[in-house]
Amino acid sequence: MSPREYQQMLAVLRLELRKTFFSKRSWWVYLLAFGPTLVCFVHGASARHRGELAEDTMIFAGIFQFYYLKLAIFFGCLGIFSNLIRGEMLEKTLHYYFLTAARREVLLWGKYLAGLAASLIIFTSAVTLAFFFIRMHLGQVFQDYLVRGPGLAQLQSYVAVTVLASIGYGSVFLLLGLLYRNPMIPAALVMIWEAISGYLPTLLQKMSMSYYLKSLTPVQLGAEGPLALIAVAVEPAPPELAVTGLLLLSAALLMYASRKVRTLEISYSE
Amino acid sequence: MSADRIVFDNVSRFYGDVLGVNRVNLTIPPGVTSLVGPNGSGKTTLMNLMTGLIRPTRGTIRVLGIPPDRPEELMLKLGYCAQYDACPRGLTGRQFLYSFLRVQGYGDAEAGELTRGALERVNMTEAADRKVAGYSKGMRQRIRLALALAHDPPVVVLDEPLNGLDPMARAETIALFREWGRQGRYVIVSSHILHEVDRISDQVIMLSYGYVVAEGQIQGVRSEVKEQPVQVLVRCDRPQMLASRLFQLNHLVEAKIHEESRSLLVRTRDADGLYLMLNKVVTEDGLDIESVAPADDDVHSVYQYLIRPEGSTA
């Protein structure tokens, strides 16, 4: 990428951040991200509550795996990334980008980075705040857990998983927004696949993003309730493999999106 | 292919089974070229093909030697004001221009300078810091026009650029187009307003149902329409006497006298024969002729002859 193209990509990033992500229309993404943060704050600020550190650690692990990973980051990325191209098609404004002296790939990468910046800012801050809020009532115990115990390392892992989830789901939904007039239908299929992956045979589980993301979470949770009977326990993937695999998959999806965007046509009437 | 022309070589574009344009062969020289035709005739399709927003099903296009699938080169030389009225949300007019000039590749200072110049050119400086969403249709048209022109491209493609403009702005915009045409730029305009097309155009391209039915300078196009009698308006001191003499001609179709304006509207299948006869009447009968002018070599007439009879609406 030439210096001029780098500048163009940054210009797309700035423009997208200004006009889309930090506007009033993105309120639902903030609600999705910061809703549990607020609940954790209420929990932590409650004077009557005197829970154990281990209990709060497990509660947060549950919130992260079952809410943030499966719901908030998934749907947040769906809303943010699928709109980068498809949203502009619906609003009939994509042609302004295509009529600039920039390679289409440069525009696509600028948009992807803008989506990534927005989702990272929103979700990493929401997860980090929730991590602190849920234990803040523990006082010195929490400080020791952070400074001398595994607290800081766990926080780093949660943030890293959030980053990887945004990169991975972002590339999936950017591509779906590029390929499909209504990306919600293929997105629903992806969601179902990710949701049931824990009940699939080992090989199929390894073909889902959630398997690798769950492998990287610092606190592993087993299946509970009636569904635990049909869950298939699989060894977590080694961290190096999980990180490398997710990044390679995202890179491959983005490369494919870069090829497809070169031949994308403006057809607002469809 | 020529590097100083806009060339369509056997270009077809289909939308599924629906024809957009078919077998278009065009070479567009510098100057103002108007695309004329009813809705659905293929004007916007041609413009979108030329600017790379859509791709041809068959054939090749070159704009000053550059294929439209290389926007990084083409858009340095081309500005397109499309018909789509929407503008990106949340931006003021100034931010809209500045932001897309930055995407175009200009640095901060240069983009700021070009933004100021473009805003002045379309008289939008005062409204520049208001949100585009609050603009009237005419203001949105002007701000989109400003974006297409901001980087001063040699090729300007404008889809219905006069829509929504008030009379003053229309006159200024038309003057701007003519000035650019004189400077040797390529100004491609589509318009439904035929008398304005007449005022603007150095050449026209007439489209009907996806086919180019005529192209070139309007007088040349008119002379090719052989099946329609030529109309000539003669102002003279004795229109009745002239009419009686002209009825001796075999090729005369109609002669209509306008007493109040002392003129005669003649329809003939042989314009040269008519002019010879006029010379004869002047010398033999001492007719005092004030003016002789073709009455149907304008875009409107040619449009009526070539396109309107097929049942379409202008």
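Placed above this text is the structure.
Residues numbered from 1 in each chain as written. Chains lettered and ligands numbered in written order. Predicted model: local features only at pLDDT ≥ 70, side-chain atom pairs only at ≥ 80, totals over all residues.

Draft legend 1. Up close: the overall build of chain A. A count of helical and extended segments in chain A gives 11 helices and 0 strands. Helices and strands appear in chain A in the N-to-C order α-α-α-α-α-α-α-α-α-α-α. Relative to the compact-globule value of 18 Å for 270 residues, chain A shows a C-alpha radius of gyration of 20 Å, a close match. Dimensions of chain A along its principal axes, counting C-alpha atoms only, are 60 × 40 × 35 Å. Counting the 270 residues in chain A, one finds 38% classified as buried. Taking the contacts inside chain A whose residues are at least 6 apart along the sequence as the reference set, 88% of them involve residues at least 24 apart. (Helix = DSSP H or I, 4+ residues; strand = E, 2+ residues; numbered from the N terminus. Rg over C-alpha atoms; globule rule 2.2 N^0.38 Å. Buried ≥ 20, exposed ≤ 12 C-beta atoms within 10 Å, placed from the backbone. Contact = placed C-beta atoms within 7 Å.)

Draft legend 2. Geometry of the overall build of chain B. Regarding its fold elements, chain B presents 11 helices and 13 strands. Within chain B, the proportion of its 314 residues that are buried is 41%. A sequence separation of at least 24 residues applies to 67% of the contacts in chain B between residues at least 6 apart.

Draft legend 3. Broad picture of unusual backbone geometry. Residues and elements named next belong to chain B. The phi torsion at E160 lies on the positive side, around 50 degrees, for a residue other than glycine. Using a count of 18 C-beta atoms within 10 Å as the deciding quantity, one classes E160 as partly exposed. Non-glycine residue Y209 carries a positive phi angle of around 50 degrees. With respect to the helices, strands and loops of the structure, Y209 is situated in the loop between β8 (203-208) and β9 (211-216). Judged by the 16 C-beta atoms lying within 10 Å of it, Y209 falls in the partly exposed class.

Draft legend 4. Seen up close, the sheet that holds strand β1 (residues 6-15) of chain B. Residues and elements named next belong to chain B. Taken in spatial order, the 3 strands make up an open sheet running β2-β1-β4, and their pairing is antiparallel. On the outer flanks of this sheet lie β2 (18-28) and β4 (58-63), each paired with one strand and no other. Looking at each pair of strands side by side, their axes are set apart by 20 degrees on average, direction ignored. (Pairing = 2+ DSSP bridges. Axes fitted to C-alpha atoms, helices over the stretch in contact; angles between N-to-C directions.)

Draft legend 5. Molecular detail of the pairing of strand β12 (residues 263-268) of chain B. All names here are of chain B. Two strands pair when backbone bridges link them, and strand β10 (residues 230-236) and β12 are joined in this way by 6 bridges, in the antiparallel orientation. When the bridges of β12 are listed, L233 appears paired with L265. Of the strand pairs in this sheet, strand β11 (residues 252-258) and β12 are connected by 6 bridges, and their pairing is antiparallel. Following the sheet pairing, I257 is matched in β12 by L264. Counting the residues between successive antiparallel strands, the hairpin from β11 to β12 contains 4 residues, one of them, R262, with a positive phi of roughly 50 degrees.

Draft legend 6. Just the sheet that holds β8(B), in detail. Residue and element names in this part refer to chain B. Strand order in the open sheet formed by 6 strands is β5-β6-β7-β3-β8-β9, and the pairing between neighbours is mixed. What marks the edges here is a single partner per strand, and that holds for β5 (78-81) and β9. The sheet shows a mean angle of 15 degrees between the axes of neighbouring strands, taken without regard to direction. Packed onto the sheet, helix α1 (residues 43-50) meets β3 (31-36), β6 (155-159), β7 (186-190) and β8 and runs at close to 145 degrees relative to β6.

Draft legend 7. The nonpolar core, seen in detail. Within the largest apolar cluster, 141 residues are counted, with the highest numbers of intra-cluster contacts made by A:I73, A:A130, A:F173, B:L97, B:A146, B:V157 and B:M206. Looking at this core element by element, the count peaks at 15 residues for helix α5 (residues 104-133) of chain A. With sequence-adjacent residues up to four places away left out, A:I73 is seen in contact with A:Y68, A:F123, A:T162, A:A165, A:S166 and A:Y169. Counting 10 residues, the second largest nonpolar core, distinct from the first, contains B:V230, B:V234, B:L274 and B:M277. (Core = buried A, V, L, I, M, F, W, Y, C linked by C-beta atoms within 7 Å.)

Draft legend 8. Spatial organisation of the packing of helix α3 (residues 53-91) of chain A against helix α7 (residues 151-179) of chain A. All names here are of chain A. Contact pair α3 / α7: the axes reach a minimum separation of 7 Å and the direction vectors enclose 40 degrees. When the interaxial angle is binned, α3 and α7 end up oblique. You can see that α3 and α7 cross each other, and the crossing is right-handed. Packed against α3, whose contacting residues are F64, L69, I73, F74, C77, L78, F81, S82, N83, L84, I85 and R86, the element α7 presents Y158, T162, A165, S166, Y169, G170, F173, L174, L176, G177 and L178 at the interface. Considering only residue class, the contact of α3 with α7 consists of 16 nonpolar, 6 polar and 1 charged. (Parallel < 35°, antiparallel > 145°, perpendicular 65-115°, else oblique. Left-handed = near helix turned anticlockwise from the far one by under 90°. Nonpolar A, V, L, I, M, F, W, Y, C, P; charged D, E, K, R; others polar.)

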